[in-house]
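Reading the structure
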Amino acid sequence: TCGICVEKCPFDAIEIINLPKELQNDPAHRYGENAFSLYGLPAPQDGQVTGILGPNGIGKTTAIRILAGELEPNLGRHDEDVDWDDILEAYRGTELQDYIAAVRDGDVTVARKPQYVDQIPNTFDGNTRELLEQTNERGALDELVERLSIGPVMDQSIDDLSGGELQRVAIAATLARDTDFYFLDEITPYLDIGQRVTAARLIRDLAEKEDRSMLVIEHDLAILDLLADTLHVAYGEPGAYGVITAPKSVRNGINEYLSGYLDNENMRIRPDPIEFEEHAPRAASHTETLVEYPDITKSYGEGEFSLEVEGGTIRQNEVLGIVGPNGIGKSTFAKLLTGNLEPDTVGQDPTETSSGQSPLDAGDADLDLDISYKPQYVTIDQHMRVDAFLSSITDQFGSSYWNTEIAQPLQLERIMEQNLADLSGGERQRVAIAACLSDSADLYLLDEPSAHLDVEQRVQATSAIRRYAEQQDATVMVIDHDTYMIDLLADRLMVFDGEPAEHGRAGAPQPMRDGMNDFLANLEVTFRRDERTSRPRINKPDSQLDKQQKTDGEYYYAP
Ligand code: ADP
Ligand code: ADP
């Protein structure tokens with residue numbers, strides 16, 4: 001051994017010279033001999049939002065259970081009797097001393113929002129109002145309902161809520177409680193950017209105005225940046241050990257995380273940095289047209305939602321990003337493209353003159369394109385193993401090409417033998433992305449592939465999707481609300497706007513810069529660039545930069 005670890009080297013390597021100082025100490029908890037060990041704990045502070053950034057399976061929930069007093073940590077001495085006094089002794093002199101004393105004395109109350117909101121209907125029978133009223137301890141429920149736009153679904157059964165509605169109800173239910181410590185495990189899945197920013201502001205308000213302590217796990221980096229005061233990075237080997245670093249400033253924490261190197265810990269967590277282009281990508285000039293579609297309208301009936309689509313061109317080989325609020329018609333557009341829905345009217349078809357034949361007739365939405373579609377809410381839960389499911393989709397399954405391009409970047413190897421029904425949200429998402437890309441089609445349409453993926457997985461999924469488009473001559477359309485993912489992924493952008501649930505308008509695909517400006521102008525959100533890394537960061541509303549960029553019409557990319 002290297003002389004520091006008494007037991008097995010957690011890195012499976014003995015030539016490590018700079019073992020991070022966290023690992024030289026005892027773990028906070030070890031589940032058993034050779035079982036998962038957690039090193040370090042986050043330190044929530046009154047009046048602050050503390051973020052945790054790190055992969056799934058790294059011990060975040062374990063840490064929370066300890067801070068909530070649910071799990072008595074054993075300081076790695078799993079075969080000894082360790083009590084809270086020993087634990088307090090171990091943390092004497094650290095930021096956690098007072099907190100742990102309070103946990104020992106049973107003085108800490110906790111409200112917690114679970115990661116997988118989709119599971120709430122399994123544990124609660126009743127409507128939204130009934131659920132929320134149980135949690136109305138601070139008298140703040142009305143304001144939460146209003147700001148999170150939950151009003152329209154107050155009398156709806158929890159069983160009938162969409163993922164985005166469940167997410168907002170779960171956030172409201174957590175923040176309505178009257179406790180010392182609030183823990184939110186991911187706030188963004190299924191929410192659009194406007195809703196993400198609102199949720200972030202509500203959490204900040206509760207910390208600042210009511211002096212509560214908030215701990216948030218979040219993988220949407222633009223939102224995490226807006227939300228948190230300090231940040232713990234979590235790293236390690238998922239399933240084997242996890243290290244929660246001492247708190248960093250949010251800016252440094254995210255920058256170091258993206259660079260792949262943690263400065264204080266002297267630790268490389270990824271071979272390559274994740275980098276953003278300051279300037280919009282130049283439009284590729286020689287791409288061929290996959291399809292030109294005409295103006296289309298679709299309404300679900302008198303007084304129901306209606307959508308107007310401006311005709312446009314989808315290019316062979318491109319990754320087209322699709323952005324816009326929830327309830328604005330993005331899925332409706334997808335269904336028009338896939339032929340699952342029939343349009344009401346179809347305008348002048350731009351290809352009519354050359355081919356003499358419209359690819360899209362009223363009442364017939366068949367664009368003659370094979371589309372492979374990954375829906376927003378992934379519900380593959382047959383009793384079937386992952387490998388059997390994927391091999392039923394493609395005869396490429398198991399080929400070295402498929403393994404390198406699909407299975408590896410989507411980290412499927414470890415879950416191949418599991419049952420679909422037993423997968424976690426993030427695992428299910430990766431299988432669904434793989435299934436979508438493995439099908440042979442002209443157009444691949446992915447609706448919110450980022451949901452429940454950690455940052456690492458988002459980056460790997462992004463590069464898998466991009467490489468796939470390049471190498472397979474495939475055209476990919478991606479609907480997503482994670483700005484970083486859209487930035488890294490898309491060549492061009494299609495922007496939806498209008499009045500959610502009433503009427504929507506879909507603009508034609510346009511270059512990234514124009515598209516981002518259109519989209520963010522609707523939201524009145526501007527981004528500046530981090531000086532060190534060029535990473536986009538949301539400006540404070542009405543700050544000097546915010547005002548200047550709005551005047552200049554430059555919402556995202558530096559001019
Ligand atoms: P995260 O919240 O970061 O996804 P968790 O804290 O849930 O991670 O889990 C970290 C690791 O600890 C996982 O590998 C998990 O299997 C393991 N683990 C969690 N609970 C137990 C337990 N009660 N006994 C043994 N191992 C556990
Ligand atoms: P997005 O994908 O942008 O979230 P959708 O296309 O799913 O938006 O939905 C747009 C609006 O149309 C929503 O208000 C939704 O409730 C409504 N809608 C969707 N499908 C139907 C339908 N079959 N009948 C009536 N209204 C629908």
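Structure's up top.
Each residue is numbered by its place in its chain's sequence as written, counting from 1. Lettering of chains starts at A and numbering of ligands starts at 1, both following the order in which they are written. pLDDT decides what is reported in this predicted model: residues at 70 or higher carry local features, side-chain atom pairs at 80 or more are listed and counted, and totals for whole chains, interfaces and linings draw on all residues regardless. Side-chain numbers here rest on the full set of heavy atoms in the structure, without hydrogens or water.

1. Quick word on the overall build of the protein
Helix and strand assignments come from DSSP, with helices taken as H or I runs of at least 4 residues and strands as E runs of at least 2, each series counted from the N terminus. The number of helices and strands found in the protein is 20 helices and 25 strands. Expressed along its principal axes, the backbone C-alpha trace of the protein runs to roughly 80 × 55 × 50 Å. When each of the 559 residues of the protein is scored for burial, the buried share is 54%. Pairs of residues are marked as contacts when any of their non-hydrogen atoms sit within 4.5 Å. Put simply, 68% of the contacts in the protein that link residues at least 6 apart link residues at least 24 apart. Surface accessibility follows the Shrake-Rupley procedure with a 1.4 Å probe radius. Residue values consider only the protein chains on display as shielding. Summed over all atoms, the accessible surface of the protein reaches about 24,400 Å², with 42% contributed by carbon and sulfur. Each charge class in the protein can be summarised by its mean position, and for the 48 positive and 102 negative side chains these summaries are 5 Å apart. Under the scheme applied here, a residue whose accessible area is under 20% of the maximum for its type counts as buried, over 50% as exposed, and between as partly exposed, the area being computed with a 1.4 Å probe on protein chains only. Here the positive residues are Lys and Arg and the negative ones are Asp and Glu; neither His nor the chain ends is included. Taken as the charge centre is NZ of Lys, CZ of Arg, CG of Asp or CD of Glu, depending on the residue.

2. A short note on the nonpolar core
Side-chain atoms within 4.5 Å link the members of a nonpolar core, which is a set of buried Ala, Val, Leu, Ile, Met, Phe, Trp, Tyr and Cys residues. Within the largest apolar cluster, 78 residues are counted, with the highest numbers of intra-cluster contacts made by Leu-132, Ile-150, Leu-175, Ile-203 and Met-214. Among the elements that line this core, the one with the most residues is helix α9 (residues 193-210), at eight residues. Here Met-214 is in contact with Gln-48, Val-49, Thr-50, Leu-175, Tyr-182, Leu-184, Ile-203, Leu-206 and Ala-207, once residues within four sequence places are set aside. Judged by nonpolar contacts, the second largest core, of 34 residues, contains Phe-389, Ile-415, Leu-420 and Ala-432.

3. Brief notes about the site of ligand 1
Whether a residue is near a molecule or strand depends on its heavy atoms: it is near if one of them lies within 4 Å of it. Around ligand 1, a shell composed of Tyr-31, Phe-36, Asn-56, Gly-57, Ile-58, Gly-59, Lys-60, Thr-61, Thr-62 and Gly-239 is seen. Take Gly-57: an N or O atom from its main chain is 2.7 Å from an oxygen atom of ligand 1. For ligand 1, whose free accessible area comes to 570 Å², the fraction covered by protein is 60%. Throughout this description, a polar contact denotes any pair of N or O atoms lying within 3.5 Å of each other; where both atoms belong to protein, one of them has to be capable of donating a hydrogen while the other can accept it, and for residues adjacent in sequence the pair is counted only when both atoms sit in side chains.

4. Quick look at the packing of helix α8 (residues 163-175) against α9
Angular values range over 0 to 180 degrees, each being the angle between N-to-C directions of two axes fitted as lines to C-alpha atoms, with helices fitted over their stretch in contact. α9 packs onto α8 with a crossing angle of 5° between their chain directions and a minimal axis gap of 11 Å. Classified by the angle their axes make, α8 and α9 are roughly parallel. For the pair α8 and α9, contact is made by Arg-168, Ile-171 and Leu-175 and by Gln-195, Ala-199, Leu-202, Ile-203 and Leu-206, respectively. Residues are grouped as follows: Ala, Val, Leu, Ile, Met, Phe, Trp, Tyr, Cys and Pro are nonpolar; Asp, Glu, Lys and Arg are charged; every other residue, Gly included, is polar. Among the residues forming the contact of α8 with α9, the class breakdown is six nonpolar, one polar and one charged. Convention used here: angles under 35 degrees read as roughly parallel, angles over 145 as roughly antiparallel, angles from 65 to 115 as roughly perpendicular, and any remaining angle as oblique.

5. Let's talk about the pairing of strand β8 (residues 241-244)
Along β8, one buried face is formed by Tyr-241 and Val-243 and the opposite face, lined by Gly-242 and Ile-244, is buried too. Strands were regarded as paired on the criterion that DSSP finds at least two bridges between them. As paired strands, strand β2 (residues 37-39) and β8 are joined by three bridges and run parallel to one another. Bridge assignment links Tyr-39 to a residue of β8, and that residue is Val-243. Relative to β8, strand β7 (residues 230-237) runs antiparallel, the two sharing four bridges. Bridge pairing in β8 places Tyr-235 opposite Val-243. Counted along the chain from β7 to the antiparallel partner β8, the turn is three residues long, and its residue Gly-239 has a positive phi close to 85°.

6. Considerations on the packing of aromatic side chains
Any two of the Phe, Tyr and Trp rings considered here, Trp counted by its six-membered ring, make a pair once their centres fall within 6.5 Å; the pair's planes then place it as stacked at under 30 degrees, edge-to-face at over 60, or tilted in between. Enumeration according to the criterion identifies eleven aromatic pairs in this entry. Both rings, one in Phe-397 and one in Trp-402, keep their centres 4.9 Å apart while their planes meet at 50°; by these two values the pair is tilted. Looking at Phe-397, the relative accessible area reads 26%, which means it is partly exposed. For the ring pair Phe-527 and Tyr-556, a centre distance of 5.1 Å and an interplane angle of 70° mean the geometry is edge-to-face. Here Phe-527 is found in strand β24 (residues 527-529), whereas its partner Tyr-556 is found in the segment after α20 (544-552), with 29 residues between them in sequence. The exposure class assigned to Phe-527 is buried, which follows from its relative accessible area of 3%.

7. Re the site of ligand 2
Taken together, Tyr-300, Glu-304, Phe-305, Pro-325, Asn-326, Gly-327, Ile-328, Gly-329, Lys-330, Ser-331, Thr-332 and Ala-501 make up all the residues around ligand 2. Gly-327 places a polar main-chain atom, nitrogen or oxygen, 2.7 Å from an oxygen atom of ligand 2. Here an oxygen atom of ligand 2 and a backbone polar atom of Lys-330 are 2.9 Å apart. For ligand 2, whose free accessible area comes to 570 Å², the fraction covered by protein is 64%. Tallied by class, the residues present in the shell around ligand 2 amount to five nonpolar, five polar and two charged.

8. Focus on the side chain of Thr-462
Here Thr-462 shows up in helix α17 (residues 455-471). Among the residues examined, Thr-462 registers a relative accessible area of 4% and is labelled buried. Apart from residues no more than four positions distant in its own chain, Thr-462 is found in contact with Met-485, Leu-488 and Leu-489.

9. Structural notes on the pairing of strand β5 (residues 181-185)
With respect to burial, β5 is a largely interior element, five of its five residues being buried. By the bridge criterion, four bridges tie strand β4 (residues 110-113) to β5 in an arrangement that is parallel. Bridge pairing links Arg-112 to Phe-183 in β5. Pairing geometry for β5 and strand β6 (residues 213-217), over five bridges, is parallel.

10. Digging into the pattern of salt bridges
The salt bridge criterion pairs a side-chain nitrogen of Lys or Arg with a carboxyl oxygen of Asp or Glu, the two atoms within 4 Å. Under the defined criterion, the tally for this structure stands at 35 salt bridges. For Asp-530, the salt bridge goes to Arg-251, with nearest N and O atoms at 2.5 Å. You can see Asp-530 sitting in the loop between β24 and β25 (536-538) and its partner Arg-251 sitting in helix α11 (residues 250-259), a full 279 residues away along the chain. For Asp-530, a relative accessible area of 3% corresponds to the buried category. Judged by its relative accessible area of 29%, Arg-251 is partly exposed. Between Arg-458 and Asp-482 there is a salt bridge; the shortest N-O distance is 2.7 Å. Taken together, the positions of Arg-458 in helix α17 and Asp-482 in the loop between β20 (475-479) and α18 (483-489) put the pair 24 residues apart, joining distant regions of the chain. Here Asp-482 falls in the buried class, since its relative accessible area comes to 3%. In this structure, a network of salt bridges that share partners links the residues Asp-225, Arg-251, Asp-530, Arg-535 and Arg-537.

11. Quick word on helix α16 (residues 425-438)
Expected span of a helix: the number of residues minus one, times 1.5 Å. With 14 residues, α16 should reach 20 Å at 1.5 Å per residue; the first-to-last C-alpha distance of 20 Å fits that figure. Among the 14 residues that make up α16, 13 are buried, leaving the element largely enclosed by the rest of the structure.

12. Examining the side chain of Glu-427
With respect to the element layout, Glu-427 can be found in helix α16. Nearest to the buried, unbridged Glu-427 among oppositely charged side chains is Arg-430, at 5.3 Å. Looking at Glu-427, its side chain comes within polar contact range of the main-chain nitrogen of Ser-424, at 2.9 Å. With sequence-adjacent residues up to four places away left out, Glu-427 is seen in contact with Ile-415 and Gln-418.

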